[in-house]
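One-letter residues, chain by chain:
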Amino acid sequence: MSATPTRRMIGVMLLIPLIAALALWAFAWPAARVAPHDLPVGVAGPASATAPLQQGFERRPGAFDVHRYDDEAAARAAIEERDAYGAVVATPEGPHLLTATAAGPVVAQLLREAVTAQAPAGTQVRVSDVVATPPGDPRGGAFGASMLPLSLAGVATGALVSLLALRGVRALGTLFGAAALAGLTATALAHSWLDVLAGDWWAEAGVFGLAVLAIGSTVAGLAALLGRAGIGLGALLVVLLGNPLSGVSSAPELLPESVGMIGPWLPPGASGSLLRSVAYFDGNAAGTPALTLTVWAVLGLTAVLVGARRTAATPETPASPGAPALARESASAA
């Protein structure tokens, strides 16, 4: 029996506050609890000179994961390979901080504050930006904002494939074609026009396309298995959970520990990490996020095909035995 209008009205009134609470939890709570958790940093130089620097980081238990490097060159290489967010080099003139704003401006600022606070009074901390953000995005804000449009594009692609009843090969062709065109369009805007990205143009287009494909196929796959409810579930997974927990605007290591480990394995988090590697770090540390997106895409595409086969195998509802006779009687009466 269908719900009465009054029940539907009460259901909507109760559902909206629940959605608002979930959205506030997902977006506001991680932002309000930003703090380092096992953030990879380095100290470089002789052991006797770096010991005080390492002890300074270790005064905050669980905040930093400190690595030792022989010299400044080794520390710079670790930052460029995305093994560390920054490093402090012990020099006769005082600590020399190496940062990478391209890895996360929020992290770079946090390291400046931490190293300055632990430096002896009157000591000037020299700072070098090993991997800087492009001139078009000096504060990294545009890069951080890029994941939500990508997520929306992917959700829209998957939803349209489902609502337009595209199945099988047509569904796969639409998902691949829309992802490819979205990747080219996004790169033309972000790289060529806004100057937000600084890597290889075609590699960046591939990342954008893979991101849209992974998200779109996930939503379409859920819809193929669960019906229209799958579209809502996919949007919830990608937009309300994946986007705020991605750590793209800060870093996964700055999110609360309970969710910081989840975000990188969801499509928006993997997309942001992969795009950062390709756009600023010559593809270093791109393997894991690329594999993560590929797995999401393969699972989603498989679900689309399974749903299409299940629909094709479902027999049509047989007509009632009296239907042909009634049809003949109606024709005779006419």
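Small disclaimer: the values here were computed from a predicted structure and weren't measured. (Residues numbered from 1 in each chain as written. Predicted model: local features only at pLDDT ≥ 70, side-chain atom pairs only at ≥ 80, totals over all residues. Heavy atoms only, no water.)

## Things to note about the nonpolar core
Of all hydrophobic cores here, the largest spans 66 residues; its most connected members are Leu-39, Phe-57, Phe-64, Leu-111, Leu-197 and Tyr-280. The element best represented in this core is helix α8 (residues 201-226), accounting for seven residues. Look past the residues within four positions of Tyr-280 in its chain and what remains in contact with it is Ala-102, Val-131, Pro-134, Phe-143, Val-196, Leu-197 and Ala-198. In this structure, Ile-215, Ala-223, Val-238 and Val-239 belong to the second largest nonpolar core, which totals eight residues. (Core = buried A, V, L, I, M, F, W, Y, C linked by side-chain atoms within 4.5 Å. Buried < 20%, exposed > 50% of the residue type's maximum accessible area, 1.4 Å probe, protein only. Helix = DSSP H or I, 4+ residues; strand = E, 2+ residues; numbered from the N terminus. Contact = heavy atoms within 4.5 Å.)

## A short note on the pattern of salt bridges
In the structure shown here, the tally under the stated rule is one salt bridge. Glu-72 is paired through a salt bridge with Arg-76; the nearest N and O atoms lie 2.9 Å apart. Taken together, the residues Glu-72 and Arg-76, both in helix α3 (residues 72-80) and four residues apart, mark about one turn of the helix. (Salt bridge = Lys/Arg side-chain N within 4 Å of Asp/Glu carboxyl O.)

## Some words on the sheet that holds strand β2 (residues 64-69)
Taken in spatial order, the five strands of this open sheet run β2-β1-β3-β4-β5, and their pairing is mixed. Of all strands in the sheet, those with a lone pairing partner are β2 and β5 (126-129), marking the two edges. For this sheet, the mean inter-axis angle between neighbouring strands, taken without regard to orientation, is 25°. Alignment of strand β1 (residues 39-44) against strand β3 (residues 86-91), held across four bridges, turns out to be parallel. The partner of Val-43 across the bridge, within β3, is Val-88. In the packing of helix α2 (residues 47-58) onto the sheet, contacts are made with β1, β2, β3 and β4 (94-99), and the angle to β1 comes to roughly 155°. Sheet contacts for α3: β1, β2, β3, β4 and β5; angle to β4, the most-contacted strand, approximately 25°. (Pairing = 2+ DSSP bridges. Axes fitted to C-alpha atoms, helices over the stretch in contact; angles between N-to-C directions.)

## Quick word on the side chain of Arg-276
Tracing the sequence through the fold places Arg-276 in helix α11 (residues 267-280). Although Arg-276 is buried, it makes no salt bridge; Asp-137 carries the closest opposite charge, 7.8 Å away. From its side chain, Arg-276 meets the backbone oxygen of Ala-102 in a polar contact 2.7 Å long. From its side chain, Arg-276 meets the backbone oxygen of Val-248 in a polar contact 2.7 Å long. Ignoring anything within four residues of it in the chain, the contact list for Arg-276 reads Arg-82, Ala-102, Ala-103, Gly-104, Phe-143, Val-248 and Phe-281. (Lys, Arg positive; Asp, Glu negative; His and termini not counted. Polar contact = N/O pair within 3.5 Å; in protein donor to acceptor, adjacent residues only side chain to side chain.)

## What to know about the packing of aromatic side chains
A full pass over the atoms with the stated rule returns three aromatic pairs. The interplanar angle of 50° and the centroid separation of 5.6 Å between the aromatic rings of Phe-143 and Tyr-280 together place this pair among those described as tilted. On the criterion of sequence distance, the pair formed by Phe-143 in helix α5 (residues 141-145) and Tyr-280 in helix α11 is long-range, its members being 137 residues apart. Taken individually, Phe-143 and Tyr-280 each receive the classification buried, so the pair is uniform in this respect. When the ring of Trp-201 is compared with that of Trp-202, the centres are 5.0 Å apart and the planes differ by 70°; the resulting orientation is edge-to-face. Residue Trp-202 is classed as exposed on the basis of its relative accessible area of 61%. Lying across the ring of Phe-281, Arg-82 places its NZ or CZ 5.4 Å from the centre. (Phe/Tyr/Trp six-rings, centres within 6.5 Å; stacked < 30°, edge-to-face > 60°. Lys NZ or Arg CZ within 6 Å of the ring centre and 35° of its normal.)

## Structural notes on a nonpolar patch on the surface
A grouping of Val-12, Leu-15, Ile-16, Leu-18 and Ile-19 is seen on the molecular surface, where their side chains present a nonpolar patch of about 470 Å² in accessible area. Locating Ile-16 in the fold gives a position in helix α1 (residues 5-32). (Patch = residues over 30% accessible without salt bridge, like charges linked within 9 Å, V, L, I, M, F, W, Y side chains within 5 Å. Areas by Shrake-Rupley, 256 points an atom, 1.4 Å probe, with all protein chains shown as cover.)

## Some words on unusual backbone geometry
The backbone phi angle of Arg-82 is positive, close to 65°, even though this residue is not glycine. With a relative accessible area of 22%, Arg-82 lands in the partly exposed category. In this structure, Asp-195 takes a positive phi of about 60° despite not being glycine. Topologically, Asp-195 is positioned in the loop between α7 (168-193) and α8.

## Describing the confidence of the model for the protein chain
Per-residue confidence for the protein chain gives a mean pLDDT of 88, with 93% of residues at or over 70. Confidence, read as mean pLDDT per element, is least for helix α13 (residues 323-333) in the protein chain (45) and greatest for α8 (96). Long-range and interchain partners of residues 317-334, a stretch whose pLDDT sits below 50, account for zero contacts in this model, where long-range means more than four residues apart. (pLDDT = per-residue confidence, 0-100.)

## A short note on the environment of Val-306
Relative to the assigned elements, Val-306 resides in helix α12 (residues 287-313). On the basis of relative accessibility, which here comes to 45%, the residue Val-306 falls in the partly exposed class. Spatially, the C-alpha atoms of Val-306 and Phe-143 are 36 Å apart, while their sequence positions differ by 163 residues.

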